[in-house]
Amino acid sequence: MFSAIVINEAGDGIDVGVRDVDDAGLPEGDVVVDIEYSAVNYKDALAIVHGKPVVRSFPMVPGVDFAGVVRQSSSARWNVGDAVILNGWNVGEARWGGLAQRARVDGEWLVRPPAAYSTRDAMAVGTAGYTAALCIRGLEAHAIMPGTGPVLVTGASGGVGSFAVILLASMGYDVIAATRTPDATGYLTGLGAREVVSSDEIGTDVRALGTQRWAGAVDTVGGSVLAGVISSTNANGAVAACGNAGGMDLPSSVAPFILRGVTLVGINCVTTPLAQRDDAWSLLAAHAPHDVLEGVVEEIGLADAIPFARRLLANEITGRVVVDVNR
């Protein structure tokens, strides 16, 4: 038996709580992991508070990422005692996820933590930092380098945004952070942002072509904010888009793409190939060391993840929330 947050349907709503679960209920897979740490991401919060559409079947254990130690393995890639990380692959949505003390998954979905990271460090980074690293690699692939011009990060006080600011600043980029959190300026400048602006300013009264303000951007919000970001991106710039908290619609125009040559880079963190995952974690280990991680993380216990999910959706959380699933 092990403990897990379990989401069940209950009439027109859902029932969520920490439950004791039998190992026999674990889904199929060739690796069993004793989870040490997970996290509360935006998608996890949506699953815990609302269930559908994030949760595709019930009962569901939420948690899109986890880090722990291999308990059993029939995979050629993994041995008992190996430390592992999982991000994505639809866990916490279509398959039981990481807000639990145990998981059984496909060994091909797992990666090894960088030598400099503990399993707690790995979840201080988690899907948020891993996604931010993929975004930066996407910008680099389109020639957005330090010295090219300022790089904007939207939703900068959230998990992905915080790590995008940390990584970009450490790599030598000139970082502008956009946030809706009024008191986040000190936090964001502490992470390395040169300037902090309002996300509302960017996403209001968006023109087809706005004043050129940044060479590139990491957008974690979507919707009208992403449209405003694209509108004000420099000629031949690039925008890496990885979130939709601001909506799935994109009220934009083709003008920035055909008149300025702006590139929109879509970031899929769920089914990213292994080589790109390993590269993202190498980037994180080089530019987000342990002492930096401690400045952006709050640790909670497994049951605490349920009320924290509501706080996250209410935009009351800054940085990362790591879950020690064994307390």
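Before reading on, note that the structure itself is shown above.
Predicted model only: the values in this text are computed from it and were never measured.

A closer look at the sheet that holds strand 10 (residues 195–198)
Piece 1. The 6 strands lie next to each other as 10-9-8-11-12-13, forming an open sheet whose pairing is parallel. Edge positions in the open sheet fall to strand 10 and strand 13 (263–266), since each of these has one partner strand only. The average undirected angle you get between the axes of adjacent strands in this sheet is 20°.
Piece 2. Relative to strand 12 (residues 233–241), strand 11 (residues 214–219) runs parallel, the two being bridged by 5 bridges. Along strand 12, the bridge assignment pairs Val218 with Ala240.
Piece 3. Running over the sheet, helix 6 (residues 223–231) touches strand 8 (151–153), strand 11, strand 12 and strand 13 and is turned about 150° from strand 12.

Observations regarding helix 3 (residues 159–170)
Piece 1. End to end, helix 3 covers 17 Å across 12 residues, agreeing with the expected 16 Å (1.5 Å per residue, within 8%).
Piece 2. Among the 12 residues in helix 3, 10 count as buried, and that is most of the element.
Piece 3. Gly172 lies just past helix 3 and shows a positive phi near 100°.

A look at the packing of helix 2 (residues 119–140) against helix 3
Piece 1. Contact geometry for helix 2 and helix 3: axes closest at 8 Å, N-to-C directions at 55°. By the angle between their axes, helix 2 is oblique relative to helix 3. The chirality of how helix 2 crosses helix 3 is right-handed. Contacts between helix 2 and helix 3 involve Ala124, Val125, Ala128, Gly129, Thr131, Ala132, Ala133 and Ile136 from the former and Gly159, Val160, Phe163, Ala164, Leu167 and Leu168 from the latter.

Rules behind the numbers
Residues numbered from 1 in each chain as written. Predicted model: local features only at pLDDT ≥ 70, side-chain atom pairs only at ≥ 80, totals over all residues. Heavy atoms only, no water. Pairing = 2+ DSSP bridges. Helix = DSSP H or I, 4+ residues; strand = E, 2+ residues; numbered from the N terminus. Axes fitted to C-alpha atoms, helices over the stretch in contact; angles between N-to-C directions. Contact = heavy atoms within 4.5 Å. Expected span 1.5 Å × (residues − 1). Buried < 20%, exposed > 50% of the residue type's maximum accessible area, 1.4 Å probe, protein only. Parallel < 35°, antiparallel > 145°, perpendicular 65-115°, else oblique. Left-handed = near helix turned anticlockwise from the far one by under 90°.

The values are spatial; any link to function lies outside them.
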